[in-house]
Amino acid sequence: MEKTLIFGHKNPDTDTICSALAYADLKNKLGLEAEAVRLGEVNGETQYALDYFGVVAPRLVETVANEVNKVILVDHNERQQSVSDIDQVQVTEVIDHHRIANFETSQPLYYRAEPVGCTATILNKLYKENNVEISKPIAGLMLSAIISDSLLFKSPTCTDQDVAAAEELAAIAGVDAKVYGLDMLKAGADLSKKSIPQLLTLDAKEFQMGSSKVEIAQVNTVDVNDVLAKQEELEAAISANVQEKKLDLFLFVITDILNNDSVALAIGEKAEAVERAYGVQLIENKALLKGVVSRKSQIVPVLTEALA
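Rules used throughout
- Every chain's residues receive numbers from 1 upward, in the order its sequence appears when written.
- The predicted origin of the model limits local features to residues at a pLDDT of at least 70 and limits the giving and counting of side-chain atom pairs to 80 or more, whereas totals for whole chains, interfaces and linings rest on all residues.
- Note: side-chain values were computed over all heavy atoms of the structure, leaving out hydrogens and water.
- Secondary structure is summarised from DSSP: a helix means a run of H or I of at least four residues, a strand means a run of E of at least two, and numbering begins at the N terminus for each.
- Any residue under 20% of the maximum accessible area for its type is buried, any over 50% is exposed, and the rest in between are partly exposed; the area is computed with a 1.4 Å probe on protein chains only.
- Should any heavy atoms of two residues lie within 4.5 Å, those residues are counted as being in contact.
- N or O atoms within 3.5 Å of each other form a polar contact, as long as, within protein, one can give a hydrogen and the other can take it, and as long as residues adjacent in sequence are counted only when both atoms are side-chain atoms.
- Any two strands with at least two DSSP-identified bridges between them are counted as paired.
- Between N-to-C directions, angles cover 0 to 180 degrees, with each direction set by a line fitted to C-alpha atoms, over the stretch in contact for helices.
- Note on handedness: a crossover is taken as right-handed if, strands pointing away from the viewer, the path from the first strand over the helix to the second is clockwise.
- Neither His nor the chain termini are counted; the positive set is Lys and Arg, and the negative set is Asp and Glu.
- Salt bridges are defined as contacts in which a side-chain nitrogen from Lys or Arg sits within 4 Å of a carboxyl oxygen from Asp or Glu.
- Relative orientations are named as follows: roughly parallel for angles under 35 degrees, roughly antiparallel for angles over 145 degrees, roughly perpendicular for angles from 65 to 115 degrees, and oblique for any other angle.
- Crossing handedness follows the turn of the near helix against the far one: under a right angle anticlockwise gives a left-handed crossing, and clockwise gives a right-handed one.
- Sulfur atoms of two cysteines make up a disulfide when they are within 2.5 Å.

K.L.:
So, the environment of I196: which residues are in play, and what are the values?
P.N.:
Considering the arrangement of structural elements, one finds I196 in helix α7 (residues 196–201). For I196, a relative accessible area of 12% corresponds to the buried category. As for I196 and A236, which are separated by 40 residues in sequence, their C-alpha atoms are 9.7 Å apart. Filtering out sequence-adjacent residues up to four positions away, I196 remains in contact with K230, E233, L234 and A237.

K.L.:
Which residues make up the side chain of R112, and what are the values?
P.N.:
Within the secondary structure, R112 sits in strand β6 (residues 110–113). There is a polar contact of 2.8 Å between the side chain of R112 and the side chain of E114. Every residue in contact with R112, bar those within four places of it in the chain, is listed here: V94, I95, D96, I122, K125, L126 and E129.

K.L.:
Give a description of the sheet that holds strand β1 (residues 4–7) that names residues and reports values.
P.N.:
Across the sheet, six strands lie side by side as β3-β2-β1-β4-β5-β6; this open sheet has parallel pairing. The open sheet has two edge strands, β3 (59–60) and β6, and neither has a second partner. The sheet contact formed by strand β4 (residues 70–74) and strand β5 (residues 90–96) spans five bridges and is parallel. Across the sheet, the residue bridging to V74 is I95, located in β5. Helix α1 (residues 14–29) rests against β1, β2 (34–38), β4 and β5 of the sheet, and its axis sits at about 170° to β2.

K.L.:
Explain the sheet that holds strand β11 (residues 286–289) to me, and be specific about the residues and the numbers.
P.N.:
An order of β7-β8-β9-β10-β11 is seen for the five strands of this open sheet, with the pairing classed as mixed. Lying at the two open borders of the sheet, with one neighbouring strand each, are β7 (204–209) and β11. When the angles between neighbouring strand axes are averaged without regard to direction, this sheet yields 25°. The sheet contact formed by β7 and strand β8 (residues 212–221) spans six bridges and is antiparallel. What sits directly across from Q208, in β8, is K213. Helix α9 (residues 231–245) rests against β7, β8, β9 (249–256), β10 (261–267) and β11 of the sheet, and its axis sits at about 55° to β10.

K.L.:
An account of the pairing of β2 is needed here, citing residue identities and associated values.
P.N.:
Look at any regular strand and the pattern is simple: side chains alternate between the two faces of the sheet. Within β2, five of the five residues are buried, leaving the element largely enclosed by the surrounding structure. Taken together, the three bridges between β1 and β2 define a ladder with parallel strand orientation. Of the residues in β2, the one forming a bridge with T4 is A34. Note on the crossover from β1 through α1 to β2: the handedness is right-handed. One crossover worth recording links β2 to the parallel β3 by way of helix α2 (residues 44–52), and it is right-handed.

K.L.:
I'd like a rundown of the side chain of K205, residues and numbers included.
P.N.:
Within the secondary structure, K205 sits in strand β7. Although K205 is buried, it forms no salt bridge, and the closest oppositely charged side chain is D75 at an N-O distance of 5.1 Å. A distance of 3.4 Å separates a polar atom in the side chain of K205 from a polar atom in the side chain of H98. Those residues within four positions of K205 in sequence are excluded, and the remaining contacts are H9, D75, Q81, H98, V214, E215, I216 and R295.

K.L.:
Give me the lowdown on the packing of α1 against helix α3 (residues 119–129), citing residues and values where you can.
P.N.:
At their nearest, the axes of α1 and α3 sit 9 Å apart, and the two run at 15° to each other. With respect to each other, α1 and α3 are oriented roughly parallel. In this structure, α1 meets α3 at a crossing whose hand is left-handed. The residues of α3 that touch α1, namely those facing D15, S19, A22, Y23, D25 and L26, are T119, A120, L123, L126 and Y127.

K.L.:
So, the state of the cysteines: which residues are in play, and what are the values?
P.N.:
In this structure the tally under the stated criterion is zero disulfides. C118 carries a free sulfur, and the closest cysteine sulfur to it, the one in C18, is 8.6 Å from it. Unpaired in terms of disulfides, C158 finds its nearest cysteine sulfur in C118, a separation of 9.5 Å.

So, in structure tokens, the structure goes:
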């Protein structure tokens, strides 16, 4: 049987890694030879979840066409966020909860996209629909993904479906979702040992917004000032990134997981779009975005409209 690789976006977050592992588990149980792989380094939050539930991280790949003919995408669909040779393989399935952009295929496929807070919430439905039992480790990983994407159910992207799925998965995993979740988020929010390049690539995604090429990177922390203390170094690295990739805007979002606000650091010719989008003034290239925590629902749509 021909193997299929399953993976999420570059600079993977917890949902990307855990959903790839969970969907590979389901597909294998349904008779498909599938392997979860990753397109980047595992962050501290995700590693905490993997260690807690005793699961090994997927192996790292840079290309896929040298290994397989078919792939399944989870937690993304935009080509610039995917593996570099995505155009050389057949995408047979997509399981996602983001906007659909820059995506087309030459052949029909199974596409499952729902307006929920996390890919793992959709996967929870797929296990049920296929009458497949979820193991304790996989339940723990799926729970971790929901907690991560919903910021422990505080994000505006979090739906009743996400909360219900998390409750079911926590029972299977044998953990208190809020106690475990806070520990996991704190593990990911420890940025003290991260280099400047690591901070800017921990969770970064590229977007095409109208005619503008935009990159948005986001980090979670319990004290934004710890990150802003490195602003001069961050700006130098961001400026180099803008020049190298010919970006119109690089937006670095520092999210306070305790107060549910973010500070935006904007560099590039289209930085004023941030001011127009949020009715703020950039002072020293930064501005407070009150109540903004979600890139998916509070940043990408608003910026896309401002740059249209």
